[in-house]
Amino acid sequence: MSALLRAGATELAGLIASGEVSAREVTAAHLDQIAAVDDRVKAFLHVDGERALASADAVDAKRAAGEKLGPLAGVPLAMKDIFTMQGAPTTCGSRILEGWMPPYNSTITDKLLAADVIVLGKTNMDEFAMGSSTENSGYFATHNPWDNALIPGGSGGGSAAALAAFEAPLAIGTDTGGSIRQPASVTGTVGVKPTYGGTSRYGVVAMASSLDTPGPCARNVRDAALLHSVIGGWDPRDSTSINAPLPDLLGAVERADVAGMRIGVVTEFGGEGYQPGVEQRFSEALAVLEQLGAQIVEVSCPNFEYALAAYYLIMPSEVSSNLARFDAMRYGLRVGDDGVNSVEEVMNLTRGAGFGAEAKRRIIIGTYALSSGYYDAYYGSAQKVRTLIKRDFDAAFDKVDVLVSPTTPTTAFPIGERVDDPLAMYKADLCTIPSNLAGNCALSLPVGLSPDNGLPVGFQVMAPVLADDRLYRIGAALEAELNRNWGASLLDQFADSPAGAYLNVGSIR
Amino acid sequence: MALTTGDVGRLGELARIRLTPDELAHLAPQLDVILQSVATVTEVATADVPPTSHALPLTNVFRDDVVTPSLPVAAVLAAAPATEDNRFRVPRILGEEA
Amino acid sequence: MSLMEFDDALVAFDPVLGLEVHVELNTASKMFCGCANAFGAEPNTQTCPVCLGLPGSLPVVNARAIESAIRIGLALNCDIAQWCRFARKNYFYPDMTKDFQTSQYDEPIAFDGFVDLEVDGEVFHIEIERAHMEEDAGKLVHSGFTGRIGDADYSLVDYNRAGTPLIEIVTRPIRGTGAKAPQVAKAYVSYLRDLMLALGVSDVRMEQGSLRCDANVSLMPKGETELGLRTETKNVNSLRSIERALNYEIRRQAALLAEGGRVHQETRHWHEEGYTTPGRSKEQAEDYRYFPEPDLVPVAPSREWVEQLRGTLPEVPAVRRARLQETWGFTDLEMQDAVNGGALDVIEATVAAGATPQSARKWWLTELARRANEAGVELAELAITPSQVAAVQALVDAGTVNDKLARQVIEGVLAGEGTPAEVVGARGLAVVSDDGALTAAVERAIEANPDVAERIREGKLAAAGALIGAVMRDMRGQADAARVRELILARLG
């Protein structure tokens, strides 16, 4: 059983396709793991055990009937609770949607089901994707498997924690300002923000429409590429989706060759505010890339200084509008309907009760930023900064093939440390935000444990719009070299260590 | 640019969120700090810089004028807090003439 | 509510109009989703995640709606935007599934157009500020006896209409209409209606809401140039209501201003009984927090496409009128009457059914216009068809009935008694052509009026009229007066 939990998606798919292991066995093993450890990790809001097993059985039946199975058939997956899926609640980590059963599937849900991926359940998240720690969930906080007193990152902390706790080999999330990458960084997993428009947003509850990007999460680069190629592609139901074929992501993973690539280090992403251990591992990773034949240069992107500010104007503005529909009229929470209260009052009371503090904060900021008299100074100006950031990227990509930086300035911080300091919390997204504003793709992979606290450090690769293959090419090369140097992946090492013993996934040694 | 609790309360009403006095007291200074830091955008957002509203320069994405199946009524109403006669029942509306 | 006499109001003030017209497009599917765009379905049977605004749903623009919007813009002599976007208009209301309306704000698809209207021989140049695309909201029904929102304990919402494509057409302030202001407004909306029908983009039925008008009016004291505060009147559901509502508002505002009061910038509600009441106050304008719709990409119609659509435009109403006038041989005055009476379509159809233009004009603008007025409906809504009117005229031409009897035939058709021929039969209205019967009636008339008969014998032929009248009464009008005269003169002459 432990071997099944340790295996990655690619390996599991192979075992199932060959008949060596049944899909049911694989799903059952992961459901058992959830039952065993999720009391501590708290990654899941909803586990869909019966349906998962039924789906697994269906895959086994297909295989028995001699049907050809897809590359991810029978592989379990944890789904961030922001994707609609019929038959299970979709809450977005909010009380205002508690128990909401959507009458339709997101396009990505449909693609996963069509690929015979087994959705184990819905994972915890910061309410409506607003946060960098999953502490803003209306239900409970998720704990970082590496140290349960620490945050798993956010907003997609549940998905990342599920991977790191070996509860699932695959997960999906959404990345609006770093919500896939930053959790990946602090949990030692891989997370990718595809090019905006490269994955369909239909059926993904909107936070900031012009920034939201669904993406793959896994424990290794190859699995992420495999998942990415299954969920990506044009969707006629999403007007902002790109009508072009995905680049060859798996081919890029196979290639895994960085010789001759020009890699730009963003000079603005370092120094004050960055944990020394993080910077150290980052530099070491650069050295590895150089050894592998890449050319490292420094690139300045001066307008990146304003990215955080622009983001915290654009995003709340779109949020304030996207969350207006939660008005107690058609679904979700309704408070105060006593036959006397007016509809305005019921809306006020419902939203006052149903939204958490961070959601309210951002809605108010967004309402303010869009209000007449303030639009030009706030939202209007932020949209201009967006142009400047795009220009910085364009100029940079003229000189280099990819840009790199630490994924986030620190390793995982303690639960509770930043809840009362929103600005401090927002700084977790410093390095990830520019890619969301410009729409290009980015990936985070683990490059070591910080020497000061032994916690995972993430390395971010940013590539131009539509050049998602470059992420996987570099990611795969770096990962292979590091794993070879270490002898085993960081997560495997953790699972073998005393601190990871509670995960009970046995030893690979 | 200091936001008073009155300002925040009004914004709350505009956003249809009833904020408690405690929340108002908490929010106003927090919002102030955030707004001050984001105001830096005006430093570089000069008149000659055009705004970007979309990450990608797509235009003219249309669908053909073809009817596709609607949701069954039961599915439409299934999550409704209250219904009557296959319609959504909502509390009384103040103020406006229909 | 005190009202000034309309004429007095016009002595002191110049009305300035602003008209906002919403046209519901007749696309097969909705603006942003594939749900059917059809009137009258069972509640909530034409909805989907998109038009319900369910979490996660996304809009996709209906190509035919864009096409219709461009054609409407071209027909209104507008410029068509090279590049424009949708915008979100944010406000909370239970009929709004997303609590924002996807509309257009500062980038309408069509702008800077005009319409030239002729009203009673005077031409008015109406400037069109913009025509833009937006979506409709759901429909609210209020509980309680009156169905009025203020008396309701709760309301019910049907979202079938949510997401229906709308084009909103907004004029610039219309000045210089003077006392004709209400008629100009009515003529303008009537013109738009004709235009939409000609373009085939909407069935523009005001009673069904596929054509809606909000009428704005303010009064400028004579001699001043600064615009007064305006009111916006909603719920004007017919062309007549537009005229009546504006007439009322002008009189009400004039009275208010004359008493030294202030007009409140507000939305008012028109009641068919003949007055307006205040609704939402516009003094504290709602902040809609417009911003470009991030879920949709810009619309940039190529100039080639625009020109291709321009080629599909039908004959513009003004051109059509000129052509009809020529074909029918009407004088300018006759044509004006026909246009003002809203009778062009019915006359055209009656002529197509075989009547002469003059006879068609006569029936529609006299007898039928009178009846329409009495019933408070438009000509097209009368229970008689143009073919039937042509049939009535054919009966007159054949001598089966005379003019007076024809009016009774029409009455019968309107009352639902059947076709003209059936009414003639059922009511026994045919003119008696049997000379025997007529001669007998003539004898009776002569006998009853000997002195009149004497005068005729003496050569005072004009006196025959009295005898003709007597015979006609005797025959209950069912005689050809000319033949009666012949018989009388032959008998006495």
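Residues numbered from 1 in each chain as written. Chains lettered and ligands numbered in written order. Predicted model: local features only at pLDDT ≥ 70, side-chain atom pairs only at ≥ 80, totals over all residues. Heavy atoms only, no water.

## Concerning the overall build of chain B
A tally of helices and strands in chain B yields four helices and three strands. Taken from N to C terminus, the helices and strands of chain B fall in the order α-α-α-β-α-β-β. Since a compact globule built from 98 residues should have a radius of gyration of about 13 Å, the 22 Å found for chain B marks it as more spread out than a globular shape. The principal-axis extent of the C-alpha atoms belonging to chain B is close to 50 × 45 × 30 Å. Out of the 98 residues belonging to chain B, those deemed buried represent 40%. Of the accessible surface of chain B, which amounts to about 5100 Å², a share of 56% is contributed by carbon and sulfur atoms. Computed over 7 positive and 13 negative side-chain charges, the separation of the two mean positions in chain B equals 11 Å. (Helix = DSSP H or I, 4+ residues; strand = E, 2+ residues; numbered from the N terminus. Rg over C-alpha atoms; globule rule 2.2 N^0.38 Å. Buried < 20%, exposed > 50% of the residue type's maximum accessible area, 1.4 Å probe, protein only. Areas by Shrake-Rupley, 256 points an atom, 1.4 Å probe, with all protein chains shown as cover. Lys, Arg positive; Asp, Glu negative; His and termini not counted. Charge placed at Lys NZ, Arg CZ, Asp CG, Glu CD.)

## Describing the interface of chain A and chain B
Contacts between the two partners involve 60 residues from chain A and, on the opposite side, 52 residues from chain B. In total, chain A and chain B occlude about 4900 Å² of area from one another, counting both sides; carbon and sulfur atoms represent 69% of this. In terms of surface lost to chain B, no three residues of chain A exceed A:Asn348, A:Ile364 and A:Lys384, which account for 13% of the buried area on that side. Applying the counting criterion to the chain A and chain B interface returns two salt bridges. (Contact = heavy atoms within 4.5 Å. Buried area = accessible area lost by both parts, 1.4 Å probe. Salt bridge = Lys/Arg side-chain N within 4 Å of Asp/Glu carboxyl O.)

## So, the packing of helix H5 (residues 107-114) of chain A against helix H8 (residues 221-231) of chain A
Residue and element names in this part refer to chain A. Put simply, H5 and H8 touch, their axes get as near as 9 Å, and they point 115 degrees apart. On the basis of their axis angle, the class for H5 and H8 is roughly perpendicular. For the pair formed by H5 and H8, the contact residues are Ile108, Lys111 and Leu112 on the first element and Leu227, Val230 and Ile231 on the second. Considered class by class, the residues forming the contact of H5 with H8 number five nonpolar, no polar and one charged. (Axes fitted to C-alpha atoms, helices over the stretch in contact; angles between N-to-C directions. Parallel < 35°, antiparallel > 145°, perpendicular 65-115°, else oblique. Nonpolar A, V, L, I, M, F, W, Y, C, P; charged D, E, K, R; others polar.)

## Comments concerning the sheet that holds strand S4 (residues 170-175) of chain A
Residue and element names in this part refer to chain A. Strand order in the open sheet made by the eleven strands is S1-S3-S2-S4-S6-S5-S10-S11-S9-S7-S8, with mixed pairing throughout. Lying at the two open borders of the sheet, with one neighbouring strand each, are strand S1 (44-47) and strand S8 (295-299). Within this sheet the neighbouring strands show an average axis-to-axis angle of 30 degrees, counted without direction. Pairing of strand S10 (residues 441-449) with strand S11 (residues 456-463) involves eight bridges; the strand directions are antiparallel. Paired with Ser444 across the two strands is Gln460, which belongs to S11. Each of S1 and strand S3 (118-123) touches helix H4 (residues 49-64); the most contacted strand, S3, lies at about 160 degrees to it. (Pairing = 2+ DSSP bridges.)

## Let's talk about the confidence of the model for chain B
In the predicted model, chain B carries a mean pLDDT of 90, and 95% of its residues have values of at least 70. When the elements of chain B are averaged for pLDDT, helix H2 (residues 21-38) of chain B gives the smallest value, 88, and strand S1 (residues 62-63) of chain B the largest, 98. (pLDDT = per-residue confidence, 0-100.)

## What about H8(A)?
Counting along an α-helix, one turn takes 3.6 residues, and residues three or four places apart therefore face a common direction. Residue and element names in this part refer to chain A. With nine of eleven residues buried, H8 lies mostly within the body of the structure. Burial in H8 covers these residues: Val221, Asp223, Ala224, Ala225, Leu226, Leu227, His228, Val230 and Ile231. Taking the backbone nitrogen of Arg222 as reference, a side-chain oxygen 3.2 Å away marks Asn220 as the first, capping residue of H8. (Polar contact = N/O pair within 3.5 Å; in protein donor to acceptor, adjacent residues only side chain to side chain.)

## Here we look at the environment of A:Asp110
Residue and element names in this part refer to chain A. Looking at the element boundaries, Asp110 is found in helix H5. Remark: the alpha-carbon pair of Asp110 and Ile231, spanning 121 residues in sequence, is separated by 9.1 Å. Beyond its immediate stretch of four places on either side in the chain, Asp110 contacts Asn105 and Arg237.

## Concerning helix H17 (residues 481-492) of chain C
All names here are of chain C. Taking 1.5 Å of rise per residue, the twelve residues of H17 would be expected to cover 16 Å, and the 16 Å separating its terminal C-alpha atoms lies within 8% of that figure. Where H17 is concerned, the buried positions are Val484, Leu487, Ile488, Leu489 and Leu492. Looking at the buried positions of H17, the neighbouring elements they touch are helix H14 (435-448), helix H15 (450-457) and helix H16 (464-474). (Expected span 1.5 Å × (residues − 1).)

## So, the sheet that holds strand S3 (residues 87-91) of chain B
One open sheet accounts for four strands, arranged S2(B)-S3(B)-S9(C)-S8(C); its pairing is antiparallel. Of all strands in the sheet, those bounded by a partner on one side alone are strand S2 (83-84) of chain B together with strand S8 (139-142) of chain C. Judged from the four bridges that link them, S8(C) and strand S9 (residues 154-158) of chain C form a sheet pairing that is antiparallel. Within S9(C), the position partnered with C:Lys139 by the bridge is C:Asp158.

## Here's the deal with the interface of chain C and chain B
Each partner contributes residues to the interface: chain C has 60 residues there, and chain B has 33 residues. Interface area for chain C against chain B, summed over the two sides, is near 4000 Å², with a carbon-plus-sulfur share of 59%. On the surface where chain C and chain B come into contact, there are one salt bridge. Ionic pairing is found between C:Arg64 and B:Asp65, a salt bridge with its closest N-O pair at 3.9 Å. One can count 18 residue pairs in polar contact (both at pLDDT 80 or more) joining chain C with chain B. Looking at the side of chain C that touches chain B, the elements with two or more residues in it are strand S2 (61-62), helix H2 (63-75), S8, S9 and strand S14 (275-281) of chain C. A per-element tally of the side of chain C that touches chain B places S9(C) first, with five residues. Among the residues making up the side of chain C that touches chain B, the classes are represented as 36 nonpolar, 13 polar and eleven charged. Bridge analysis of S1(B) against S2(C) gives two bridges, and the strand direction is parallel.

## Considering the domain arrangement of chain C
Splitting chain C by domain gives domain 1 (6-306), domain 2 (317-427) and domain 3 (435-492). Taking the mean C-alpha position of each, domain 2 of chain C and domain 3 of chain C sit 32 Å from one another. (Domains from an automatic or database assignment.)

## Re unusual backbone geometry
The bulk of non-glycine residues show a negative phi, and the bulk of peptide bonds are trans. A cis geometry characterises the amide bond from A:Gly154 onward to A:Ser155, with omega recorded as 10 degrees. By the secondary structure assignment, A:Ser155 is in the loop between S3 and helix H6 (157-164). For A:Thr134, which is not a glycine, the phi torsion comes out positive at approximately 65 degrees. Along the polypeptide, A:Thr134 turns up in the loop between S3 and H6. Within the chain, C:Asp112 stands out as a residue other than glycine whose phi angle is a positive 55 degrees. Mapped onto the secondary structure, C:Asp112 falls in strand S6 (residues 110-119). The exposure class of C:Asp112 is partly exposed, given its relative accessible area of 40%.

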